[in-house]
Amino acid sequence: MSAARRVATERATRLAVKSSPYHAAVNPCDAQDIPGPSTTRRRIREKREDVEHDEPEDLADRLPAAATKKRAKTKTTQTRSLVTITETKSRSPKKSKVIPQSLAVPHPAPERWKEAYDAIKEMRSRIPAPVDTMGCDQAQWKEQDPKNSRFATLISLMLSSQTKDEVTDAAVAKLRTAVGGSLSVDAVIAADETTISEAISKVGFWRRKTQYIKQAAQRLRDDFDSDVPKTVDELCSLPGVGPKMAFLALQVAWKLNLGIGVDVHVHRITNRLGWHRRPTKNPEETRLNLQSWLPKELHGEINHMLVGFGQTVCLPVGPKCDSCTLSSARLCPSAQTKKSTKRGSRDSVSTNSPAESDSRPKIEIEVENA
């Protein structure tokens with residue numbers, strides 16, 4: 001806009017009436033400029049501002065029905081969005097979920113399971129394992145306060161996931177020292193994440209577990225009086241706590257036998273023993289199957305027994321079947337026995353599986369000595 005036009009728009013025009021020199025009935029008008037802002041533009045601007053700041057009721061009267069309906073719909077959508085955001089912020093980090101405790105149809109007890117159970121128990125009595133001295137049940141003995149003992153057990157279980165017992169035990173001891181000499185809920189809350197991370201940096205997924213420990217400690221203080229809950233569902237509502245940890249925490253911390261803690265060792269060994277009619281796909285399926293037929297008085301000890309057995313004999317890779325009594329007693333269908341031959345030839349491997357032994361052709365080889 002040019003300067004002349006801008007000046008023109010800032011002036012108001014007034015008409016002045018005067019007498020005509022040619023005819024008395026004619027009254028011509030002269031335009032006179034009045035300095036200052038234009039009253040016409042000011043009036044228009046004020047009117048627009050009034051429209052923009054009118055109440056919704058007044059505006060609805062002036063607008064067409066379709067426009068009013070669209071405006072109302074937009075306002076409702078915005079209100080719902082605000083409510084949704086508010087509800088999301090106030091929502092609990094993790095809701096309590098119900099953990100299934102039984103199958104609709106119980107799993108049948110496998111044949112000769114008691115013989116296999118007793119044989120494993122006998123082997124465990126003479127073969128020490130890392131879980132015997134560095135398991136989750138050992139963390140509680142370094143604490144004096146009962147609440148701290150239960151909390152130390154829970155921390156040990158949270159750190160044990162995807163981690164060997166030796167590493168977990170060292171991490172618990174280092175974390176106890178880092179937070180002031182005692183594992184308490186308040187001490188963990190007061191410690192910063194860097195302190196906790198440095199203490200547990202050797203365990204698997206330590207970054208994620210650092211967050212879980214801080215969040216769980218906060219939940220315990222706010223919702224459970226700084227103590228470990230006494231139900232499976234409440235324990236599983238804590239960040240980083242699953243069914244296995246919950247059942248073991250109840251057994252160790254509260255002496256409550258409410259279910260079987262199934263980890264990778266229990267899952268692997270029970271499938272190798274053929275204790276499941278169909279191989280289970282995950283530890284939860286294994287737990288529900290076992291709980292449906294294994295006597296309840298054995299629920300509390302089977303985890304400790306099979307974990308130690310899996311650490312020393314029934315290894316994930318290269319199980320020591322030749323030193324396992326289950327193999328000679330034909331109690332394990334997955335057992336492998338090695339037969340050594342002459343030097344320079346490969347070892348042959350056979351299994352105790354009836355299906356495999358019956359289907360294979362029998363070959364007899366005679367070796368003549370030179």
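Residues numbered from 1 in each chain as written. Predicted model: local features only at pLDDT ≥ 70, side-chain atom pairs only at ≥ 80, totals over all residues. Heavy atoms only, no water.

Undergrad: Looking at this model, I keep getting lost on the nonpolar core. Mind explaining?
TA: A general tendency of soluble globular proteins is for nonpolar side chains to be buried together. Residues Phe151, Leu154, Leu159, Leu175, Leu183, Ile200 and Leu235 are the most contacted members of the largest nonpolar core, which totals 42 residues. Within the residue set of this core, elements represented by two or more residues are α7 (146-160), α8 (165-178), α9 (185-190), α10 (193-199), α11 (206-223), α12 (232-236) and α13 (243-253). The residues touching Leu175, leaving out its near neighbours within four places in the chain, are Ile155, Leu183, Ile196, Ala199 and Ile200. Grouped together as the second largest cluster of nonpolar side chains are 27 residues, Ala116, Met123, Ile260 and Leu290 included. (Core = buried A, V, L, I, M, F, W, Y, C linked by side-chain atoms within 4.5 Å. Buried < 20%, exposed > 50% of the residue type's maximum accessible area, 1.4 Å probe, protein only. Helix = DSSP H or I, 4+ residues; strand = E, 2+ residues; numbered from the N terminus. Contact = heavy atoms within 4.5 Å.)

Undergrad: Can you walk me through α7 in this structure?
TA: Given 3.6 residues per helical turn, the α-helix brings residues three or four places apart onto the same face. For α7, with 15 residues, the first-to-last C-alpha span of 21 Å sits near the 21 Å given by 1.5 Å per residue. Here α7 lies mainly inside the structure; 13 of its 15 residues are buried. Its side-chain oxygen placed 2.9 Å from the backbone nitrogen of Lys147, Asp145 serves as the N-cap of α7. Backbone geometry just downstream of α7 places Gln162 in the positive-phi region, at approximately 55 degrees. (Expected span 1.5 Å × (residues − 1). Polar contact = N/O pair within 3.5 Å; in protein donor to acceptor, adjacent residues only side chain to side chain.)

Undergrad: Explain the pattern of salt bridges to me, please; I cannot follow it from the model alone.
TA: Oppositely charged side chains may form a pair once their charged atoms are brought near each other. For the structure on display, the rule yields 11 salt bridges. Across the pair Arg112 and Glu115 runs a salt bridge, and its minimum N-O distance is 3.1 Å. Look at Arg112 and you get partly exposed, because its relative accessible area is 41%. Put simply, Arg287 and Glu284 hold a salt bridge, and the shortest N to O gap is 2.8 Å. Residue Arg287 and its partner Glu284 are both found in helix α15 (residues 283-293); the two are separated by three residues, about one turn of the helix. (Salt bridge = Lys/Arg side-chain N within 4 Å of Asp/Glu carboxyl O.)

Undergrad: Sorry, what's going on with the packing of helix α5 (residues 113-126) against helix α16 (residues 302-312) here?
TA: The geometry of α5 relative to α16 is characterised by a closest axis approach of 10 Å and an angle of 65 degrees between their N-to-C directions. By the angle between their axes, α5 is roughly perpendicular relative to α16. Crossing of α5 against α16: the hand is left-handed. Across the interface between the two elements, Tyr117, Ile120, Lys121, Met123 and Arg124 from α5 touch Ile302, His304, Met305, Leu306, Gly308 and Phe309 from α16. In terms of residue class, the contact of α5 with α16 is built from seven nonpolar, two polar and two charged. (Axes fitted to C-alpha atoms, helices over the stretch in contact; angles between N-to-C directions. Parallel < 35°, antiparallel > 145°, perpendicular 65-115°, else oblique. Left-handed = near helix turned anticlockwise from the far one by under 90°. Nonpolar A, V, L, I, M, F, W, Y, C, P; charged D, E, K, R; others polar.)

Undergrad: I would appreciate a short explanation of the confidence of the model for the protein in the present structure.
TA: Any residue range with low pLDDT should be treated as having predicted coordinates unsuitable for detailed reading. Across the protein, pLDDT averages 80, with 65% of residues at or above 70. Contacts for the low-pLDDT stretch residues 38-64, under 50 throughout, to residues beyond four places or in other chains number 12 contacts. A low-confidence stretch, residues 66-70 stays under pLDDT 50, and its non-local contacts, those more than four residues away or across chains, total two contacts. (pLDDT = per-residue confidence, 0-100.)

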